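# Descriptive analysis of the structure
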Amino acid sequence: MPEKKFVPFDNQKHGKYIVELRHGYSIFKQITKPQWAAMGDKDLGGAKFCIGYSLVDKAMKMVEESHKHDFDQYIFFLGGDAANITESFDAEIVFGLDDKLNTIKYPACIHIPSGTMHGPLDIVKVNKPFIFIDLVLNNTPSIRSVPKETEAR
């Protein structure tokens, strides 16, 4: 099977308000399953909203440094079984928020208000694949550099 390459999301507009979501691939080599995303500027008429979805099945560091944004962000960690997203979560994630490292071993929604320092984001252990959703109230997504110890595409 040929290696999947990182491709930008090439969603298709169907009229003014409907967007057909198409698969793209992560900037992280560890995330091998297709992703989907919808971007405010590109897909949603400039809306202050972006969302990205990934299925994570390997440990990796996603964000190395603490940082902040001038918009709200929401991060979701959900079990990979769509029929049971709470009970099927089995991973360990260390997430920095307001200079405190939090160990997350349960399905979670994290609200990061505008101006709040957050990071690192380290997926320490993955016993079962899980869903990672990154949602920002901005017209462009929040994309950080790939950490040095994590392989980029």
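Quick note: structure is the one above.
Below: a short report on this structure. (Residues numbered from 1 in each chain as written. Predicted model: local features only at pLDDT ≥ 70, side-chain atom pairs only at ≥ 80, totals over all residues. Heavy atoms only, no water.)

### Thoughts on the overall build of the chain
Selection rule: Strands here mean DSSP runs of E at least two residues long; helices mean DSSP runs of H or I at least four residues long; both are numbered from the N terminus. Contacts are assigned to residue pairs with any non-hydrogen atoms lying within 4.5 Å of each other. For accessible areas, the Shrake-Rupley method is used with a probe of radius 1.4 Å. Any residue's cover is judged against the shown protein chains and nothing else.
Looking only at helices and strands, one finds one helix and 11 strands in the chain. Counting from the amino terminus, helix and strand elements in the chain follow one another as β-β-β-α-β-β-β-β-β-β-β-β. Long-range contacts, defined as pairs at least 24 residues apart, comprise 68% of the intrachain contacts of the chain with a sequence gap of at least 6. Total accessible area computed for the chain in this model is approximately 8600 Å², and 55% of it derives from carbon and sulfur atoms.

### So, unusual backbone geometry
Counted only if it meets this: The cut-offs for exposure are 20% and 50% of the maximum accessible area for each residue type, with area from a 1.4 Å probe on protein chains only; residues under the lower value are buried, those over the upper are exposed, and the others partly exposed.
Look at the link from Gly119 to Pro120: it is a cis peptide, with omega at 5 degrees. Note on placement: Pro120 falls in strand β10 (residues 118–126). One non-glycine residue with positive phi stands out, namely Asp98, at about 55 degrees. Among the secondary structure elements, Asp98 is positioned in the loop between β7 (91–97) and β8 (100–104). Judged by relative accessible area, which is 55%, Asp98 ranks as exposed.

### What to know about the environment of Phe77
Structurally, Phe77 can be placed in strand β6 (residues 73–79). Residues Phe77 and Phe130 lie 53 residues apart in sequence; the distance between their C-alpha atoms is 6.8 Å. Each residue touching Phe77, except ones within four places of it in the same chain, is listed here: Phe89, Ile93, Ile104, Pro107, Ala108, Ile110, Leu121, Phe130, Ile131 and Phe132.

### Digging into the nonpolar core
The following threshold applies: Side-chain atoms within 4.5 Å are what join buried Ala, Val, Leu, Ile, Met, Phe, Trp, Tyr and Cys residues into a set we call a nonpolar core.
Grouped together as the largest cluster of nonpolar side chains are 21 residues, with contacts concentrated most on Met62, Phe77, Ile93, Leu121, Ile123, Phe130 and Phe132. Of all the elements in the fold, those that place two or more residues in this core are β5 (60–63), β6, β7, β9 (108–112), β10 and β11 (130–136). Not counting chain neighbours up to four residues away, the residues in contact with Phe132 comprise Gly52, Tyr53, Ser54, Val56, Met62, Ile75, Phe76, Phe77 and Leu121.

### Points about the environment of His69
Cut-off, in case you're wondering: In protein, a polar contact means a hydrogen-donor-capable atom and an acceptor-capable atom, both N or O and within 3.5 Å, with residues adjacent in sequence counting only if both atoms are side-chain atoms; elsewhere, any N or O pair within 3.5 Å suffices.
Relative to the helices and strands, His69 resides in the loop between β5 and β6. For His69, a relative accessible area of 10% corresponds to the buried category. Along the sequence, His69 and Thr116 sit 47 residues apart, while their C-alpha atoms lie 7.3 Å from each other. A polar side-chain atom of His69 sits 3.2 Å from a polar atom in the side chain of Gln73.

### Digging into the sheet that holds β5
In sheet architecture, strand pairing relies on hydrogen bonds along the backbone and comes in two forms, parallel and antiparallel. What counts, and what does not: At least two DSSP bridges between two strands are required for those strands to pair. Every axis corresponds to a line fitted to the C-alpha atoms, with the helix fit spanning only the stretch in contact, and the corresponding angles, defined between N-to-C directions, vary from 0 to 180 degrees.
The sheet built from four strands is open, its strands ordered β5-β10-β7-β8 with antiparallel pairing. The open sheet has two free edges, formed respectively by β5 and β8, since each of these has just one partner strand. Within this sheet the neighbouring strands show an average axis-to-axis angle of 15 degrees, counted without direction. Alignment of β5 against β10, held across three bridges, turns out to be antiparallel. When the bridges of β10 are listed, Lys61 appears paired with Asp122.

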